[in-house]
Amino acid sequence: LEERIGAGAMGEVWYALRDDRGAGQLSKVAIKRMALRSAGTGSTWGDEGKQRFVQEAQILLRLQDAPNVCRVHECQLYRGEPYIVMDFAEGGSLRNYLDDLWGKGEQVDPLQAVRWMQQAAQGLRAALNLDRPTYHRDIKPGNLLLSRDNEVRVADFGIAKQTPSAAAASGA
């Protein structure tokens, strides 16, 4: 782990370099670790918190090939604590980009804003098209990450809600 790059109620995200399966090639990744304690209350997360973290990992893995969703490399346990290794967003979050831009007194190009919203919508549509339609429930600029190519990737499905599959809902 090289540097902590973000933190939320359920965990923290670190920038890291990953040896791609011993090939001697280091790649930039982000590692999301579940916090041992809630940032808000200081209480431990327990089984329910771990279950939500694992659900997020499972959703991201099912969205692996979806457009405009942060790509996951692996989900594992380290000393009993879950973590998710995902692509590192070279451009940071849209929230940080906007803060920097507005701090300089500049405005977002309207066409770029429309492109970003279209890209976010594609990622969210992919989640709705899963076998168990999934609602993100926490879309905000901090959860929209920018790639090196300035494309949006939807991240942080930590409080996502999954509906029953069509087959389960119909009783099939």
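A short tour of the structure in this document, coming up. (Residues numbered from 1 in each chain as written. Predicted model: local features only at pLDDT ≥ 70, side-chain atom pairs only at ≥ 80, totals over all residues. Heavy atoms only, no water.)

1. Considering the nonpolar core
Within the largest apolar cluster, 29 residues are counted, with the highest numbers of intra-cluster contacts made by L63 and F157. Those elements giving two or more residues to this core turn out to be β3 (26-34), α1 (46-62), β5 (81-87), α2 (94-103), α3 (110-128), β7 (144-146) and β8 (152-154). Residues contacting L63, with those up to four places away along its chain left out, are V69, A126, A127, L130 and F157. (Core = buried A, V, L, I, M, F, W, Y, C linked by side-chain atoms within 4.5 Å. Buried < 20%, exposed > 50% of the residue type's maximum accessible area, 1.4 Å probe, protein only. Helix = DSSP H or I, 4+ residues; strand = E, 2+ residues; numbered from the N terminus. Contact = heavy atoms within 4.5 Å.)

2. Some remarks on the pairing of β3
Note that strand β2 (residues 11-19) and β3 share nine bridges and pair antiparallel. Within β3, the residue paired with W14 across the bridge is I31. (Pairing = 2+ DSSP bridges.)

3. Comments concerning the sheet that holds β2
Spatially, β1-β2-β3-β5-β4 is the arrangement adopted by the five strands of the open sheet, whose pairing is antiparallel. Among the strands making up the open sheet, the edge pair consists of β1 (3-7) and β4 (72-78). Adjacent strand axes in the sheet meet at a mean angle of 30° when their direction is disregarded. Here five bridges tie β3 to β5, and the two strands are oriented antiparallel to one another. The partner of K32 across the bridge, within β5, is I84. (Axes fitted to C-alpha atoms, helices over the stretch in contact; angles between N-to-C directions.)

4. Thoughts on α3
For α3, built from 19 residues, the straight-helix expectation of 27 Å at 1.5 Å per residue is met to within 8% by its first-to-last C-alpha distance of 27 Å. Of the residues making up α3, those classed as buried are Q112, W116, Q119, A120, G123, A126 and A127. What you see down the axis of α3 is that its buried residues fit within an arc of 115°, all on one side. Exposed side chains of α3 directed beyond 90 degrees from the buried face belong to P110 and L111. (Expected span 1.5 Å × (residues − 1). Arc of directions from axis to C-beta.)

5. Structural notes on the environment of L146
Structurally, L146 can be placed in strand β7. The spacing of L146 and G91 is 55 residues in sequence and 4.6 Å in space, taken between C-alpha atoms. Contact partners of L146, with chain neighbours within four places excluded, come to A89, E90, G91, G92, S93, L94, Y97, W116, E151 and V152.

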